[in-house]
Structures are given as structure tokens and as C-alpha cells.
Amino acid sequence: MKKLISLILSVVFVLGMVAGCGSANTSSDGEKKMKVGFIFLHDENSTYDLNFINGAKAACEKLGVEYVAKTNIPESNECYEAAADLVDRGCDIVFADSFGHEQFMVKAAKEFPDVQFCHATGTTAHTEKLDNFHNAFASIYEGRYLAGIAAGMKLNEMIAAGKFTADEAKIGYVGAFTYAEVISGYTSFFLGAKSVCPTATMEVQFTGSWYDETSEKEAATTLIGRGCKLISQHADSMGAPTACENAGVPNVSYNGSTVEACPNTFIVSSRIDWTPYFEYIIGCVKDGKAIDTDWTGDIATGSVVLTDVNTKAAAEGTQTAIDEAKAKLEDGSLKVFDTATFTVNGAAVDSYMADVDTDADYTPDTEVVADGYFHESEKRSAPYFDLRIDGITTLNEKF
């Protein structure tokens, strides 16, 4: 009899524990509370990942959904394992933030068809054609163009002050890889600078890593040593901004303000605010609506933003110049990749077949020049602008 009573008590205890676990993910009215899982390549020390982390927390807190995060997840099968674990933990949506996560997110999406998988910077959602796998990006090239205007204004100020001549207005750019995303970014930045400083040129140094503080600092230092008067970057550490602050060279950063660490050299920064996208996908799942296969945010959606201009380092009139160009981007009268504003090997570009439906050989497949401009991020969300325009020199191409 004692054994029977003990067995009954054990069963009651176990059932109570199971019920308790379930209630932790329910609202006060008994409805299941939505849970969203996030996979980040690095952690808060990376400006890139911190930007995603801040957006994820803001959206989840605003909409009252549970937030579960996994940081420092490499671009390997560990991403799939992390995604599977988040599904096991009851996540309704799983999001990953790095390009190299994509194939592992696709693998998870195929295995767990009842969960929505969303991925930033990826290229294959429109060709995979899975109902539960989606890509997202934003027209950050517009933000970089505006930041480039700030750079051009600073170059003009230094030329006027006699610090160097107009033909010495060379910009340095620290890039992670030779991907279209990076090429699109540094080209739009350069075109913004050139729109106000026509003699500007640019040199690009690649690091082969999204986050390597030592390499990024060394790359910036190399560019400064080669006579670059201002530095910007598409890399995720404080390496380049720190090198600029140490050398007294103006810097336009990325993914957030570095003014606290670099008060004398930081001018402005552009970034993608991911909060609108996270709010969008959460709302879709809550309302039972389909998530866009390719979602591209822009200035109008609040997805492309700039920090405050640091007036201590920026040229006078910078904010006004940015505001004027921003208004033209919003009303469509200004196109970042207007083909009248650049050439390739001395020739105008009136046609270009881009690799939109990415395959192993990166075969060009889609015409993207029409109406006088290159239609970036309209055929899919991830950038595909990979033209090497005149005025920009790449110093190393091994990455």
C-alpha cells in the first residue's frame, strides 16, 4: 500500500511540474504566449549584432512576446542545432542575423514546417520557395549615401582650410569581404561623398572577417598611411574608429554612434533599425498572415536611420545637406545608383545582368538597370550591386 501511495504522489508531482512549465508560456487569460528565438553571430561586443539585439528586445517588449536569444553562433551546423533547440523550446519564429547562417536555417525550416524561419541578408528564400522561410534586408545603401554626403562635406571643409588640395581628397574604406553587400555599401557611400566633393576618390582594404578588431584597426591604419583623409567601414568592431581617433582622422562609422569613444573624429553613422521588421513578422504570425518572402525596409518604414551628427567633428551645414538629400530619396527624385553619376572602365552603364537567383557559379540572370538607374534590392531584399565603378580602388581582393 505504501508503495502504491508513493507511486501516486510521484505521478501527481510530475504532472504538476509539466503543468507549471506550460503555464510559464501562457498569458493571464490562458492563451499561449508567443515566443521568438534569435540567433546572433556574435554578442553585444559586435556593433553589428548589438544593433540586431537592441531591435529584437525593443520589438518583443513592445508587443509583449517572449524573447529567447543565442549569441556567438558560428556560420556552421551549430546554427541548425541552435535553431532546432529554439523550436524545442517552443519558439513560433526563429530569426538568424548573419549571411552564412542561411543554409542551416533552410535545413531547419524544412524539418520544422510549423515554425517560421526568418533570416537577414540572405539570398535564397525566393528560390527555395518554402512557406516558412523568409529573407529580409533594408535599403541601407540610401543611409550610406547620406553618410557619404557628411564625408564629402568634411572633405570640402578640410580642403577650404588648406589641409590638402582637392585632388588629394581620398577616402579610405575598411570592408569585410568582397560580397555584393559590401560593394553596394562602399559604392553608395562614395557616390554620396562625390555628390558634394566631385574630386573625391576611394581606396578599399578588405579584412576577410566581419569582426576582427585587430585586422580592422590595421586596415584603417594602412589606409591613413596611404594618404586617406577620412575613413569609413563595413566591419563590426571598434578597430577602425579607434585607429581614426588615435590618428586624428575623421571617421564615419556604421551600425551606431561611436561618439563616446571617439568624440573628436566621429561624424555620423548609418544603420538598419531592425525593430520594424521584427514587429512586422510578429504581427504576421499573431494575425495568421503570410510573411513576405523578401522584405526590404527603407527610410519610410523607419528601417534606415542615421545617428545624430557630431557637430564637434562634422563640417558646418552637414545636417542640412543630409536632410535635403533625404527628402529627395523619400520622394523618389534622387536615386542612389543613378547611372548618370558613375562609369565603369570609362563607359556609362545602360544595362546590367545581376546574379539575383544565386547559384554556385553566381550566374547573371536578371536585368537590373532601367529608367536610368540600377534597381538595387528590388528583385530580392539582399544587395546584388557588384559593379566596380571608376574612382574606387580595391587594395586586396583575396576575400
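Before any of the text, the structure's been laid out above.
What you see is a predicted model, and the numbers here were worked out from it, not measured in a lab. (Residues numbered from 1 in each chain as written. Predicted model: local features only at pLDDT ≥ 70, side-chain atom pairs only at ≥ 80, totals over all residues. Heavy atoms only, no water.)

### So, the overall build of the protein
Per the secondary structure count, the protein includes 11 helices and 17 strands. Taken against the 2.2 N^0.38 rule, which gives 21 Å for 399 residues, the C-alpha radius of gyration of the protein at 24 Å falls within 12% of a compact globule. Each principal axis of the C-alpha distribution contributes one length, and for the protein these read about 100 × 45 × 40 Å. Pairs at least 24 apart in sequence give 65% of the contacts found in the protein among residues at least 6 apart. With the model as given, the accessible surface of the protein reaches about 17300 Å², and the carbon-plus-sulfur share is 51%. (Helix = DSSP H or I, 4+ residues; strand = E, 2+ residues; numbered from the N terminus. Rg over C-alpha atoms; globule rule 2.2 N^0.38 Å. Contact = heavy atoms within 4.5 Å. Areas by Shrake-Rupley, 256 points an atom, 1.4 Å probe, with all protein chains shown as cover.)

### Looking at the packing of helix H8 (residues 213-225) against helix H9 (residues 239-247)
Where H8 contacts H9, the two axes come as close as 7 Å, and the packing angle between them is 45°. Put simply, H8 runs oblique to H9. Crossing angle aside, the handedness with which H8 passes H9 is right-handed. Judged by residue contacts, Glu213, Glu216, Lys217, Ala220, Thr221 and Ile224 of H8 engage Gly239, Ala240, Thr242, Ala243, Cys244, Asn246 and Ala247 from H9. For the contact of H8 with H9, the class distribution of residues is six nonpolar, four polar and three charged. (Axes fitted to C-alpha atoms, helices over the stretch in contact; angles between N-to-C directions. Parallel < 35°, antiparallel > 145°, perpendicular 65-115°, else oblique. Left-handed = near helix turned anticlockwise from the far one by under 90°. Nonpolar A, V, L, I, M, F, W, Y, C, P; charged D, E, K, R; others polar.)

### Comments concerning unusual backbone geometry
A positive phi angle, close to 55°, is found at Asn72, a residue other than glycine. Looking at where Asn72 falls in the secondary structure, it is placed in the loop between strand E2 (66-70) and helix H3 (77-88). Phi is positive for Asp371, close to 55°, though the residue is something other than glycine.

### So, the pairing of strand E4 (residues 116-120)
Counting buried residues in E4 gives four out of five residues, a clear majority hidden from the surface. Note that the unit made of strand E3 (residues 93-96), helix H4 (residues 102-111) and E4 has a crossover that is right-handed. For E4 and strand E5 (residues 133-138), the ladder comprises four bridges, and the chain directions are parallel. Across the sheet, the residue bridging to Phe117 is Phe133, located in E5. (Buried < 20%, exposed > 50% of the residue type's maximum accessible area, 1.4 Å probe, protein only. Right-handed = clockwise from strand over helix to strand, strands pointing away. Pairing = 2+ DSSP bridges.)

### Structural notes on the sheet that holds E2
Sheet strands associate in pairs through backbone hydrogen bonding, adopting either a parallel or an antiparallel arrangement. Reading across from one edge, E2-E1-E3-E4-E5-E11 is the order of the six strands in this open sheet, with parallel pairing throughout. A single partner strand is all that each edge strand has here, and the edge strands are E2 and strand E11 (294-297). For this sheet, the mean inter-axis angle between neighbouring strands, taken without regard to orientation, is 20°. Sheet strands touched by H3: strand E1 (35-39), E2, E3 and E4. Its angle to E1, the strand with the most contacts, is close to 165°. Helix H10 (residues 275-287) contacts E1, E3, E4, E5 and E11 of the sheet and is inclined by roughly 155° relative to E3.

### Topic: the sheet that holds strand E7 (residues 201-206)
In spatial order, the strands read E12-E10-E9-E8-E6-E7-E17; together these seven strands make up an open sheet with mixed pairing. The two strands at the open ends of the sheet, each matched to only one other strand, are strand E12 (304-306) and strand E17 (392-394). Recorded for the sheet is a direction-independent mean angle of 20° between the axes of neighbouring strands. In terms of strand pairing, strand E6 (residues 170-175) meets E7 through six bridges, oriented parallel.

### With respect to the side chain of Thr265
By the element assignment, Thr265 lies in the loop between strand E9 (251-254) and strand E10 (266-272). A polar contact is formed between the side chain of Thr265 and the side chain of Glu245, at a distance of 2.5 Å. Other than its neighbours up to four places away in sequence, Thr265 contacts Cys244, Glu245, Gly248, Val249, Pro250, Asn251 and Ala313. (Polar contact = N/O pair within 3.5 Å; in protein donor to acceptor, adjacent residues only side chain to side chain.)

### Quick notes on the nonpolar core
If you look at the biggest cluster of nonpolar residues, it comprises 89 residues, and the most contacted ones within it are Leu155, Tyr186, Phe189, Met202, Tyr277, Phe278 and Ile389. Looking at which element gives the most residues to this core, the answer is helix H6 (residues 140-160), with 11 residues. Apart from the residues lying within four places of it in its own chain, the contact partners of Leu155 are Phe164, Ala169, Ile171, Cys197, Ala200, Lys229 and Leu230. (Core = buried A, V, L, I, M, F, W, Y, C linked by side-chain atoms within 4.5 Å.)

### Concerning the side chain of Asp49
The topology assignment puts Asp49 in helix H2 (residues 47-63). Within the buried core, Asp49 has no salt-bridge partner, and the shortest N-O distance to an opposite charge, that of Lys57, equals 12 Å. Side-chain polar atoms of Asp49 contact the backbone nitrogen of Leu41, separated by 3.1 Å. Once residues lying within four places of it in the same chain are set aside, the contact partners of Asp49 are Phe40, Leu41, His42, Asp43 and Asp97. (Lys, Arg positive; Asp, Glu negative; His and termini not counted. Salt bridge = Lys/Arg side-chain N within 4 Å of Asp/Glu carboxyl O.)

### So, the environment of Cys284
Here Cys284 lies in helix H10. The contacts of Cys284, once residues within four sequence positions are left out, are Lys289, Ala290 and Ile291.

### Describing the pattern of salt bridges
Counted by the stated rule, this structure contains nine salt bridges. Residue Lys62 is joined to Glu279 by a salt bridge in which the shortest nitrogen-to-oxygen separation is 3.3 Å. Highlighted residues: Lys62 in helix H2 and Glu279 in helix H10, separated in sequence by 217 residues. A salt bridge links Asp85 to Lys70; the nearest nitrogen and oxygen atoms lie 2.9 Å apart. Of this pair, Asp85 sits in helix H3 while Lys70 sits in strand E2; the two residues are 15 residues apart in sequence, bridging distant segments of the chain.

### Points about H9
Burial in H9 covers these residues: Gly239, Ala240, Pro241, Ala243, Cys244 and Glu245. Packed against the buried residues of H9 are E6, H8, strand E8 (230-234) and E9. Positive backbone phi, at 70°, marks Gly248, one or two positions downstream of H9.

### Some details on the state of the cysteines
Applying the stated rule across the entire model yields zero disulfides. Free of any disulfide, Cys60 has its nearest neighbouring cysteine sulfur in Cys91, separated by 9.5 Å. When its relative accessible area of 1% is taken as the criterion, Cys60 is described as buried. The closest cysteine sulfur to the non-disulfide-bonded Cys244 is located on Cys262, 7.7 Å from its own sulfur. (Disulfide = S-S within 2.5 Å.)

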